[in-house]
Structures are given as C-alpha cells and as structure tokens.
Amino acid sequence: MIGVRGLSKSFGPKRVLDGIDLAVGQGESLCVIGQSGTGKSVLLRCILGLEVPDSGQILWQGQPLDRAARGRFLAGFGMLFQGAALFDSLSVWQNVAFRLRQRMPDARARSIALDKLARVGLGPDIADLMPSELSGGMAKRVGLARAIADDPQVIFFDEPTTGLDPIRARAIDALIRGIVTETGATAITITHDMASVRIIGDRVAMLQDGRIVHDGPVAQMDHAPALAAFLGKMPPQGADFAGT
Ligand SMILES: Nc1ncnc2c1ncn2[C@@H]1O[C@H](COP(=O)(O)OP(=O)(O)OP(=O)(O)O)[C@@H](O)[C@H]1O
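What counts, and where the lines are drawn
- Residues numbered from 1 in each chain as written.
- Predicted model: local features only at pLDDT ≥ 70, side-chain atom pairs only at ≥ 80, totals over all residues.
- Near = placed C-beta within 6 Å.
- Helix = DSSP H or I, 4+ residues; strand = E, 2+ residues; numbered from the N terminus.
- Nonpolar A, V, L, I, M, F, W, Y, C, P; charged D, E, K, R; others polar.
- Core = buried A, V, L, I, M, F, W, Y, C linked by C-beta atoms within 7 Å.
- Buried ≥ 20, exposed ≤ 12 C-beta atoms within 10 Å, placed from the backbone.
- Contact = placed C-beta atoms within 7 Å.
- Pairing = 2+ DSSP bridges.

## What about the site of the ligand?
Move 1: Within the structure, the ligand sits among Phe11, Val16, Gly34, Ser36, Gly37, Thr38, Gly39, Lys40, Ser41 and Val42.
Move 2: A per-element tally of the shell around the ligand places helix H1 (residues 40-48) first, with three residues.
Move 3: Among the residues forming the shell around the ligand, the class breakdown is three nonpolar, six polar and one charged.

## Here's the deal with the nonpolar core
Move 1: Among the nonpolar cores identified, the biggest contains 65 residues, and Val32, Leu43, Val96, Val142, Ala145, Ile155 and Ala205 are the most heavily contacted of them.
Move 2: Setting aside anything within four residues of it in sequence, one finds Val142 in contact with Ala84, Leu86, Val92, Asn95, Val96, Leu122 and Leu134.

## So, unusual backbone geometry
Move 1: The phi dihedral of Gln61 falls on the positive side, at around 55°, and the residue is not glycine.
Move 2: Within the secondary structure layout, Gln61 lies in the loop between strand S4 (55-60) and strand S5 (63-64).
Move 3: With 12 C-beta atoms counted inside 10 Å, the residue Gln61 sits in the exposed group.
Move 4: One non-glycine residue, Asp209, adopts positive backbone phi at about 50°.
Move 5: Of note, Asp209 is situated in the loop between strand S9 (203-208) and strand S10 (211-217).

## A closer look at the pairing of strand S7 (residues 154-158)
Move 1: Inspection of the sheet shows strand S6 (residues 77-80) paired to S7 by four bridges, in the parallel sense. Its bridge partner being in S7, Gly78 is matched across the sheet by Ile155.
Move 2: Here S7 runs beside strand S8 (residues 186-190); their pairing, made up of five bridges, is parallel. When the sheet's bridge partners are listed, Ile155 is paired in S8 with Ala187.

## Re the pairing of strand S3 (residues 29-33)
Move 1: Judged by how many residues are buried, S3 sits mostly within the fold: five of five residues are covered.
Move 2: Along S3, one buried face is formed by Ser29, Cys31 and Ile33 and the opposite face, lined by Leu30 and Val32, is buried too.
Move 3: With four bridges joining them, S3 and S8 adopt parallel strand pairing. Following the sheet pairing, Leu30 is matched in S8 by Ile188.
Move 4: Summarising the sheet, S3 and S9 pair through four bridges and their orientation is parallel. Paired with Leu30 across the two strands is Arg203, which belongs to S9.

So, in structure tokens, the structure goes:
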C-alpha cells in the first residue's frame, strides 16, 4: 500500500495541497485527474520525496515513510516521465538498463533491457539507436521499458499519453494496463485523458482546490457529478470559452 495522509503544501500564500488523504492498495491502479495547476505534479513530487510537504505523511506498507524506509521505497519504484525524459547521450538499451548497470555486468543488463523492450513491442534492432532517432511513440515505449526494467512494486505514470495521437495513446494505455495486471504492481497515473483512465485505472481520484473531491471506481465514474466536466458533460469550472 502507498498513500498520503493529511498532506498539505503551499507555495507562498498559495495552498496547493490542503490536507490530502489518498491510499492505493497493493496491485491497484489509481488515476489522479484534475485541471492544470491543481497540484497533481506537486502531489507526485511529495510522494517521491522531491518536495517537502508542510504537513502530513507519505505512507508505505501501512507505515509513515521515514528516512530509513525511503531508500527501500525508492529502490522499488519505476517511473514513466512525461515526454519520456530519456538520457540523450545514452543509447536505447543503456537508457532501459540505466539502473541495472549499477549492479550487474553490461551483457546481463543488455539482455534484460532487450526483454523489456520486447515487452513494450520494440525489437532488438532499435537497441543501439540514440533517443534523437526515435519517434515520440517509440520514445514513450522506451521510457516504459525503463520504468519496468527493475520489476518495480510501484510504478508512477506522469501523463503517459501527452503528445501522442489517439491511436498511439490507446496502444500505450493498453501496454500499461497489461504490464500492471501481469506484474501485480501498484500503479499511480497522473493524466487529463479520460480514455486512458478507462483503460488504465481501477480507481479514479479528482484533485480540485487542493482537495480530493472524488475518489471511486472507474466502472462508476460516468455517474459521478464531480467528474462531469472531465467527461465532457459540462464546461470545466472557471473556464472562459468566450473568444478563446
Ligand atoms: N516550486 C514551485 N514554486 C512555486 N509554485 C509552484 C512550484 N511547483 C508548483 N507550483 C505551483 O503549484 C500549482 C500546482 O502545480 P502542478 O504542477 O502540481 O499542477 P498540475 O496539476 O500538475 O498541472 P498540469 O496538469 O498542468 O501539469 C501551480 O499553481 C504551480 O504554479
């Protein structure tokens, strides 16, 4: 289980997170949605320890994530960054094997990287290409292979379909769902893409004005009033369509 309890974070006078409670069970896939600027990335950064919350706790395996446990937690998570965020100076296989190479010989790390590339639908022919030689969809797949290279227990997906056309986006969603199901990993996905939520998520939580205003099963989200704007049933709060 991973979660947060009473998490608050302000930047100057702006309270971005205002007492967030959220928990994701082992093997569960949670999608977090919310309008731009509502604090989804800040929430993720707090969980990863990249941002220090003003108050509240990160929970892992039922316990507050203290300094001693954070090392074990960080060793056991995978992350697909928005825009893939590959290392430009490393080849495809070296990107995928980035963590593995710190603790095993290159030949073994490369072999695992090729397996993970195959899992995301990429052949060995691209293993020695550089990131600049990849299309956006291929780069995203390489990022996904890197996220799963170490068989993580928890995987974070930050806007996994941003920048992809709908066909490639749905292919990435299906890959993520398949990987999460077959590995039993716990998944937290940040997205604006409700089509992704339907494929990837078991549960969807919505962040608004610093709080979780909805948290429920994806199977029931079509009937959730708080999600109406995201489902295209009404204009988003605060939207000004006149002349835009
Ligand atoms: N380091 C920082 N210093 C000051 N303000 C920040 C900082 N990081 C985030 N913010 C502010 O916190 C708010 C939430 O930002 P965040 O990036 O989490 O939004 P988001 O929901 O992820 O948006 P998007 O969907 O556009 O990525 C924004 O108003 C942002 O300007």
